[in-house]
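Listed below are the residues making up each chain.
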Amino acid sequence: MALLVWKTPQEVGLHRVKIDDIHLLGSDEEESEEAKKLREERLRQYESKKAKRPALVAKSSILLDVKSWDDETDNSKTRGLISVGYGILKVPIQCVDEDNKLGTEVLGEQITAFEDYTQLWTGL
């Protein structure tokens, strides 16, 4: 049978550390002049690289379905018609809006301005 011998932490070589002795966010010492200059130079380089980058353009893809008023609406000049049913046709319109310059509200107002021809529009 083996006999277990327990040793104290001091015997093993461990010792307690005060929490005040640990600097989790770095040292309390002042930054040297050389380190400050290096940091400022790197910040300037980063800012110059950042200024050279082109601005991002946000684009939204908009699909509009425009439905004719009824089956008697003259659609002879319209291309890309799709039958909805009961003789009513719709025109799908795909467009891209850059930086939200236009929006679906403005497009909807312009489409519904043709009251004699359009019944309904939906934007996706």
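Residues numbered from 1 in each chain as written. Predicted model: local features only at pLDDT ≥ 70, side-chain atom pairs only at ≥ 80, totals over all residues. Heavy atoms only, no water.

### Focus on the nonpolar core
Nonpolar side chains in soluble globular proteins generally cluster together in the buried interior. Rules: Only buried Ala, Val, Leu, Ile, Met, Phe, Trp, Tyr and Cys residues count toward a nonpolar core, and they belong to the same one when joined by side-chain atoms within 4.5 Å. Residue burial is assigned from relative accessible area. The probe radius is 1.4 Å, only protein chains are included, and a residue is buried under 20% of its type maximum, exposed over 50%, and partly exposed in between. Put simply, DSSP H or I for four residues or longer makes a helix, DSSP E for two residues or longer makes a strand, and each gets a number counted from the N terminus.
Within the largest apolar cluster, five residues are counted, these being Ile62, Leu64, Val66, Leu107 and Ile111. Every element with two or more residues in this core is listed here: β1 (59–68) and α3 (103–112).

### Side note on the pairing of strand β3 (residues 88–98)
Selection rule: Any two strands are treated as partners once DSSP identifies two or more bridges connecting them.
Where β1 and β3 come together, nine bridges link them in antiparallel fashion. Looking at the pairing, Ile62 lines up with Cys95 of β3. Between the end of strand β2 (residues 82–85) and the start of β3, which pair antiparallel, lie two residues, with Tyr86 showing a positive phi angle near 55°.

### Observations regarding the pattern of salt bridges
Threshold: Counted as salt bridges are all cases of a side-chain nitrogen of Lys or Arg within 4 Å of a carboxyl oxygen of Asp or Glu.
By the definition in use, this model includes three salt bridges. In this structure, Arg44 engages Glu41 in a salt bridge whose closest nitrogen and oxygen atoms are separated by 2.8 Å. Of the two residues, Arg44 and Glu41 both sit in helix α2 (residues 33–52), three residues apart, roughly one turn of that helix. Here Glu98 makes a salt bridge to Lys59, at a shortest N to O gap of 4.0 Å. Pair noted here: Glu98 is in strand β3 and Lys59 is in strand β1, with a separation of 39 residues, a long-range link.

### So, a positive patch on the surface
To be explicit about the condition: Each patch is built from salt-bridge-free residues with over 30% relative accessible area, joining like charges within 9 Å and nonpolar side chains (Val, Leu, Ile, Met, Phe, Trp, Tyr) within 5 Å. Surface accessibility in these figures is a Shrake-Rupley result with a 1.4 Å probe; residues are shielded only by whichever protein chains are displayed. Just so you know, the count uses Lys and Arg for positive and Asp and Glu for negative, and it drops His and the chain ends. A single reference atom marks each charge: NZ on Lys, CZ on Arg, CG on Asp, CD on Glu.
Taken together, the side chains of Lys49, Lys50, Lys52 and Arg53 present a region of like positive charge at the surface. Following the sequence through the fold, Lys49 ends up in helix α2.

### Describing the layout of surface pockets
The test is simple: Only protein atoms enter the 1 Å grid used here. Points where a 1.4 Å probe fits but cannot escape make up a cavity, open sets with protein on both sides within 12 Å along at least five of seven lines make up a pocket, and a residue lines them when an atom lies within 4 Å of a point. Grid points are joined across faces, edges and corners, and a volume is the space filled by probe spheres set on the points. Residues are grouped as follows: Ala, Val, Leu, Ile, Met, Phe, Trp, Tyr, Cys and Pro are nonpolar; Asp, Glu, Lys and Arg are charged; all remaining types, including Gly, are polar.
Empty space within the largest pocket amounts to approximately 340 Å³. Taken together, 16 residues line the largest pocket, and the ones lying closest to its centre are Val66, Thr78, Val91, Tyr117 and Thr118. Of all the elements in the fold, those that place two or more residues in the lining of the largest pocket are β1 and β3. Class assignment of the residues belonging to the lining of the largest pocket gives a composition of eight nonpolar, five polar and three charged.

### Observations regarding the side chain of Lys90
Just so we agree on the cut-off: Working rule for contacts: check all heavy atoms of both residues, and any pair within 4.5 Å makes them a contact.
Along the chain, Lys90 turns up in strand β3. Setting aside anything within four residues of it in sequence, one finds Lys90 in contact with Asp65, Val66, Lys67, Gly80, Leu81, Ile82 and Val84.

### Some thoughts on the environment of Thr112
Among the secondary structure elements, Thr112 is positioned in helix α3. Accessibility expressed as a relative area gives 37% for Thr112, which makes it partly exposed. Along the primary structure Thr112 and Val66 are separated by 46 residues, whereas in three dimensions their C-alpha atoms are 9.2 Å apart.

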